[in-house]
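# Descriptive structure summary
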Amino acid sequence: MTAKEITALMDSPTVEDIALIEKAYAVAEKAHRGVLRKSGEPYFNHVFETAKILAEINMCPQAIAAGFLHDSIEDGVLTEEEIRKEFGEEILFLVQGVTKLGKLKYRGAERHMESLRKLFVASAQDIRVIIIKLCDRLHNMRTLQHVRPDKQKRIALETLEIYAPLAYRLSIRKLSRELEDLSFPYLYPEEYKNVKELVKQKSVETLPHLEKFMKSVKKALAEEGLTNFNTDYRQKGLYSLSKKIIRKGGEIEKVYDILAMRIFTESVSDCYKALGIIHSKWRPLPGRIKDYIAVPKPNGYKSIHTTVFTGDGAIVEIQIRTHEMHRADEYGIASYLRYKDLKNVQNKELGWFNQFLPKSINNLIHSTKSDKPTPAWIKELAESHLATNGEDMMEDLKTDFFSQRIFAFTPKGDVVDLPLGSTVVDFAYAIHSDIGNHISSVMVNNKIASLDKELQNGDCVEVITKKGAKPNRKWLDHAKTSMARKHIKASLGDKAE
Ligand code: MN
């Protein structure tokens, strides 16, 4: 376990980058020294592994350094002042963000998970904070066996319902796949066992065919003059496979991509060339050709899929994409955050990202400080429809939660979740009845607002209280929530409704 292990994973790090990682390593190691995890291993292992995952998905050096430090404030082994002094504002901001996110608990019904996912995004202020949190969770999931059984279930559920879908939304398949597959056995042990056994059987059956077939394909491509490509195969994640089997009515025979061959090319035209060569030699299954390069999936996924008869009785799915597309698929948003100046990245390449946080990319990347309490993108996020795949869209429509709720923020960035149409009076009472009962004036987004002002998603609300201030009857017209009305009536001396 050395700093070198991390820097070796980074893509052409500068001397400064390496120095930063070495320093973060040393400071974190010293800070957590003597502290053990439940498993009995040094606590430092956890922050090291978190940093390592961040390096693996190609995150920027600042995020990796923050990975090393992510638990230091929470665990009281470093102060904010020490981090600022040693590492500066940007890294401190990331560590604070992760610390804050760790405390964020949405106390709502399980069907409101979707809103928690959105709340997570909205509260993080910098997408890197979420990604650090995802890597932190991934390592915690890898070591979940050391946790109490009742806690295991809760953490696994949270991972499957919140963290994995977030990783998926951010198109970081490398993370979403593993988060899903690690949660799966804790939540659905029977299904997990069945699918695992099924895949084992299938692999024994299919693998020899696949390997032979891959050789033939490579040969065919080379014969047609296509030489600049790589191939491999991948096994479908167990959780997503299990969902797919359910979708196919339990018929595993209809799932062709348990093992899929992949071809990575240099250019888009080579993708189509490869497809042409393959189809001229092997008969494709009708209706199974999907061109996600011409029409990418909503989360930005690009690839050509086809399924062919191998000629020796097997059926194999082939996925063809460029190296660049593959990188974007595995690392998603993380692969773009490395670019220092995102203005150089073509807008269309970020198409899927824009759907997630529209028009705000520069804001997001460059606003590393949280001096503005309500970054513009929070509003945009709330107003926009997030990039969703079909299933999530259905879920959105079913719960329709976000369209009925408002997320407003205190100047400190705490989230207050209110029903649609709520006013600043509801906001004040939602924080505390004492604050509601002594409203003197209210600022919304740094502007004085009247008490009947309806809140919009992402509004930053500051309630100024005065000892002598108290509710009057007009406030009842401004209050939408029953909690606010109850307190106002009590204060006016009315009987309860
Ligand atoms: Mn942690």
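Presented here is a report on the structure given in the accompanying data block. Please read these numbers as outputs of a predicted model, since none were measured by experiment.

The helix and strand tally for the chain stands at 22 helices and 10 strands. Put simply, the chain has 497 residues, and 52% of those count as buried. At a minimum sequence separation of 6, the contacts of the chain that also span at least 24 residues come to 65%. By element, 51% of the accessible surface of the chain is carried by carbon and sulfur atoms, the whole surface being about 23800 Å².

The protein atoms that coordinate the manganese ion are His46 (NE2), His70 (NE2), Asp71 (OD) and Asp136 (OD), at distances spanning 2.2 to 2.3 Å. All donors of the manganese ion belong to a single chain; written as a sequence motif, their spacing is H-x23-H-D-x64-D. With His70 in the loop between α4 (61–69) and α5 (80–103) and Asp136 in helix α7 (residues 127–142), the pair connects residues that are 66 residues apart, well separated along the chain. Each member of the pair His70 and Asp136 is classed as buried.

With that out of the way, let us pick up the packing of helix α2 (residues 15–31) against helix α3 (residues 43–56). If you want to describe how two helices pack, look at the angle between their axes and the distance between the axes. At a minimum axis separation of 9 Å, α2 and α3 run at an interaxial angle of 155°. By the angle between their axes, α2 is roughly antiparallel relative to α3. α3 is crossed by α2, and the crossing has right-handed handedness. Across from Tyr25, Ala28 and Glu29 in α2, the residues of α3 making contact are Phe44, Val47 and Phe48. Split by residue class, the contact of α2 with α3 holds 5 nonpolar, no polar and 1 charged.

Most of helix α13 (residues 323–331) sits inside the fold, with 7 of its 9 residues counted as buried. Every buried residue belonging to α13 is among Met325, His326, Arg327, Ala328, Asp329, Glu330 and Tyr331, and all of these are buried. Directly after α13, the chain includes Gly332, whose backbone phi takes a positive value near 50°.

When the terminal C-alpha atoms of helix α12 (residues 268–281) are compared, their 21 Å separation across 14 residues agrees well with the 20 Å that a helix rising 1.5 Å per residue should span. Within α12, burial applies to Asp270, Cys271, Ala274, Leu275, Ile277 and Ile278. Mapping the buried residues of α12 onto a view down its axis gives an arc of 165°, with all of them on the same face. Seen from the open side of α12, the exposed residues pointing more than 90 degrees away from its buried face are Ser269 and Ser280.

Turning to the packing of aromatic side chains, a few remarks are in order. Going through the model one piece at a time under the given rule, you end up with 11 aromatic pairs. Of the aromatic side chains, those joined through ring pairs into one cluster are Tyr25, Phe44, Phe48 and Phe68. Taking the ring centre of Phe87 as reference, the NZ or CZ of Lys23 above it sits at 5.3 Å. Above the ring of Tyr43, the side-chain terminus of Arg37 is found at 6.0 Å from the ring centroid.

The next subject is the side chain of Arg37. Position of Arg37 relative to the elements: it lies in the loop between α2 and α3. For Arg37, a relative accessible area of 16% translates into the label buried. Excluding residues that lie within four positions of it along the chain, Arg37 makes contacts with Pro42, Tyr43, His46, His139, Asn140 and Thr143.

Our next topic: the sheet that holds strand β9 (residues 447–449). Taken in spatial order, the 3 strands of this open sheet run β9-β8-β10, and their pairing is antiparallel. Both outer strands of the open sheet, β9 and β10 (461–465), are each paired with one neighbouring strand and no more. Across the sheet, the axes of successive neighbouring strands diverge by a mean angle of 35°, strand direction being ignored.

Here strand β5 (residues 315–322) lies mainly inside the structure; 7 of its 8 residues are buried. Taken together, the 6 bridges between strand β2 (residues 259–265) and β5 define a ladder with parallel strand orientation. Paired with Met261 across the bridge in β5 is Ile318. Both strand β4 (residues 304–309) and β5 contribute to a ladder of 6 bridges, which runs antiparallel. Within the sheet, the bridge partner assigned to Val308 lies in β5 and is Val316.

Cut-offs used in this document
- Counting restarts for each chain, with residues numbered from 1 along the sequence as it is written.
- Side-chain atom pairs in this predicted model are given and counted only at pLDDT of 80 or more, local residue features only at pLDDT of at least 70, and totals for whole chains, interfaces and linings cover all residues.
- For the side-chain quantities, the full set of heavy atoms in the structure was used; hydrogens and water were omitted.
- In DSSP terms, a helix is any run of H or I states spanning at least four residues, a strand is any run of E spanning at least two, and both are numbered starting from the N terminus.
- Here the term buried applies to any residue with accessible area under 20% of the maximum for its type, exposed to any over 50%, and partly exposed to those in between, with areas from a 1.4 Å probe on protein chains only.
- Contacts: residue pairs with any heavy atoms within 4.5 Å of one another.
- All accessible areas in this document rest on Shrake-Rupley with a 1.4 Å probe, and a residue is counted as covered only by the protein chains that are shown.
- Counted as coordinating are nitrogen, oxygen and sulfur atoms within 2.8 Å of the metal, or 3.2 Å for Na, K and Ca, while water is not included, which may make sites look incomplete.
- Geometry is summarised by axes, namely lines fitted to C-alpha atoms with helices restricted to the contacting stretch, and by angles between N-to-C directions that run from 0 to 180 degrees.
- Any angle that is under 35 degrees is reported as roughly parallel, and any over 145 degrees as roughly antiparallel; angles of 65 to 115 degrees are reported as roughly perpendicular and all others as oblique.
- Note on convention: near helix rotated counterclockwise from far helix by under a right angle means a left-handed crossing. Clockwise means right-handed.
- The classification used treats Ala, Val, Leu, Ile, Met, Phe, Trp, Tyr, Cys and Pro as nonpolar, Asp, Glu, Lys and Arg as charged, and all other residues, Gly among them, as polar.
- By definition here, a helix of n residues has an expected span of 1.5 Å times n minus one.
- The arc refers to the directions leading from the helix axis to the C-beta atoms.
- Centres within 6.5 Å make a pair out of two Phe, Tyr or Trp rings, where for Trp the six-membered ring is used; the pair is then stacked when the planes are under 30 degrees apart, edge-to-face when over 60, and tilted otherwise.
- Geometrically, a lysine NZ or arginine CZ counts as sitting over a ring once it is within 6 Å of the ring centre and also within 35 degrees of the ring normal.
- Here, a strand pair is defined by DSSP locating no fewer than two bridges between the strands.

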